[in-house]
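# Chain and residue survey
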Amino acid sequence: MSLLLASSALTPSQNYQVHDTSTTLTSLFWHDDTLRSRRVSGVVLSGVVDVPAPPERLVADWTRDIASHMALAAGDVEPMPLARARMRWPDYSQCVQAAYDWTASQGLPGLLSASDVALMACRGARYHHDGEQYGGFVFCNLFLSDDCGLDVHFPYAGNGGYRIPLTRGTMLVFDTCQPHAVIRRDHDGFDEADFANPANPLNALDDVQMFLTWELAVDDSRVVQALGMAFDVLPSNSAMPQDAQVLANGAAAVLCANSGRWLPVSDAV
């Protein structure tokens, strides 16, 4: 199977709003019973692997589930039943092996095979981070859907942000606390109107991206090296909040779901 690599030092697209790159993000996360601090990594590893399209009967299952059994509204990211999908997915092991091989090429050998995998669906995604629940992890995603004009946007990663087209075989490894969204390629932010639920159930997968995801421990030595993790960055005598969250320039803040801008807690609705 061929493996097509894209550089992790990506050139930002011309179609997005550049955010203030001076924003420093800090994650407070639970490690056992201890609340630790770490710098949020601005590194996003990205590539495209050669994986076969999901078979038609599996796509029919996904279409039926999303149309009949799920309330997958605009911006939602929801789990899908993986065990049942594997019964109709003869190329599943080939997809997973491609992900294993690619992550090994990025300095993360053996991590995926030791981690649980989940199947997810998103109809776009609002700007968000996953620091409250997953601050002790990084995500590895393998996208399974064909290109439908959507990008994943990391407005604060790198030097001015990364915008990555989503197509079948797109691989991402990124800090869970790094703000991100799935938006229209020709738009600057997230708009629910871009992802209106189709009236025809046969089109239930329009604008939906299916992907496999793995959670990798943020303090694994391979992750530390690949993403440049730095831990215990706040002074021990600082007045830290007492729960997991992401701080913007040292202060509690809320991420605007439409624009990706950080707002003071007092300004959040």
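As a reminder, the structure under discussion sits directly above these lines.
First, a word on what this report is: a plain description of the structure on this page. Since the structure is predicted, the reported quantities are computational estimates derived from the model, not experimental observations.

Glancing now at the sheet that holds strand 15 (residues 251–255). Ordered by their spatial adjacency, five strands build an open sheet running 3-2-14-15-16, and the pairing between neighbours is antiparallel. The open sheet terminates on both sides in strands that have one partner only, identified here as strand 3 (34–39) and strand 16 (262–264). Averaged over all pairs of adjacent strands, the angle between strand axes in this sheet comes to 45°, irrespective of strand direction. Relative to strand 16, strand 15 runs antiparallel, the two sharing three bridges. By the bridge assignment for strand 16, Ala253 is matched with Pro264.

Two side chains that carry opposite charge are able to pair once their charged atoms sit near each other. One pass over the full model with this rule turns up 13 salt bridges. As a salt-bridge pair, Asp65 and Arg84 come within 2.1 Å of each other at their nearest N and O atoms. With Asp65 in helix 1 (residues 56–69) and Arg84 in helix 2 (residues 82–87), this residue pair connects regions lying 19 residues apart in the sequence. Close ionic contact of Arg163 with Asp151 constitutes a salt bridge, the shortest N to O distance being 2.8 Å. One end of the pair, Arg163, is in strand 10 (residues 162–165); the other, Asp151, is in strand 9 (residues 150–154), with twelve residues separating them in the sequence. Like Asp151, Arg163 is buried.

A large share of strand 13 (residues 209–217) lies buried, amounting to seven of its nine residues. As paired strands, strand 6 (residues 117–122) and strand 13 are joined by six bridges and run antiparallel to one another. In the sheet register, Ala121 faces strand 13, and the bridge partner there is Met210.

Reading across from one edge, 7-12-9-10 is the order of the four strands in this open sheet, with antiparallel pairing throughout. Edge positions in the sheet fall to strand 7 (125–128) and strand 10, since each of these pairs with one other strand and no more. Strand-to-strand twist of the sheet, defined as the mean angle between neighbouring strand axes without regard to direction, takes the value 30°. In the sheet, strand 7 pairs with strand 12 (residues 180–184) via two bridges, with the strands oriented antiparallel. Note on strand 12: the bridge partner recorded for Ala125 is Val182.

Another aspect to go through is the side chain of Asp207. Locating Asp207 in the fold gives a position in the loop between strand 12 and strand 13. Looking at Asp207, the relative accessible area reads 15%, which means it is buried. At 2.8 Å, the side chain of Asp207 and the side chain of Arg184 are in polar contact. Among all residues touching Asp207, those that are not within four sequence positions of it are Cys122, Arg123, Gly124, Cys148, Leu150, Arg184, Asp194 and Phe195.

A few words on the layout of surface pockets. Looking at the largest pocket, its volume works out to about 480 Å³. Around the largest pocket, the lining comprises 23 residues; the ones closest to its centre are Val77, Met120, Phe139, Phe211 and Thr213. Of all elements in the fold, only strand 6, strand 7, strand 8 (137–143), strand 9, strand 11 (170–175), strand 12 and strand 13 reach the threshold of two or more residues within the lining of the largest pocket. Of the residues in the lining of the largest pocket, the class split is 16 nonpolar, four polar and three charged. When its volume is computed, the second largest pocket comes out at roughly 260 Å³.

Below, the discussion takes up the side chain of Thr176. One can find Thr176 in the loop between strand 11 and strand 12. Here Thr176 falls in the buried class, since its relative accessible area comes to 0%. Looking at Thr176, its side chain comes within polar contact range of the main-chain oxygen of Phe137, at 2.9 Å. Excluding residues that lie within four positions of it along the chain, Thr176 makes contacts with Arg38, His129, Asp130, Gly131, Tyr134, Gly135, Phe137, Val138 and Phe139.

Rules of the game
Residues numbered from 1 in each chain as written. Predicted model: local features only at pLDDT ≥ 70, side-chain atom pairs only at ≥ 80, totals over all residues. Heavy atoms only, no water. Pairing = 2+ DSSP bridges. Helix = DSSP H or I, 4+ residues; strand = E, 2+ residues; numbered from the N terminus. Axes fitted to C-alpha atoms, helices over the stretch in contact; angles between N-to-C directions. Salt bridge = Lys/Arg side-chain N within 4 Å of Asp/Glu carboxyl O. Buried < 20%, exposed > 50% of the residue type's maximum accessible area, 1.4 Å probe, protein only. Polar contact = N/O pair within 3.5 Å; in protein donor to acceptor, adjacent residues only side chain to side chain. Contact = heavy atoms within 4.5 Å. 1 Å grid on protein atoms, 1.4 Å probe; cavity = no way out; pocket = protein on both sides within 12 Å on 5 of 7 lines; lining within 4 Å. Points joined across faces, edges and corners; volume = space filled by probe spheres on them. Nonpolar A, V, L, I, M, F, W, Y, C, P; charged D, E, K, R; others polar.

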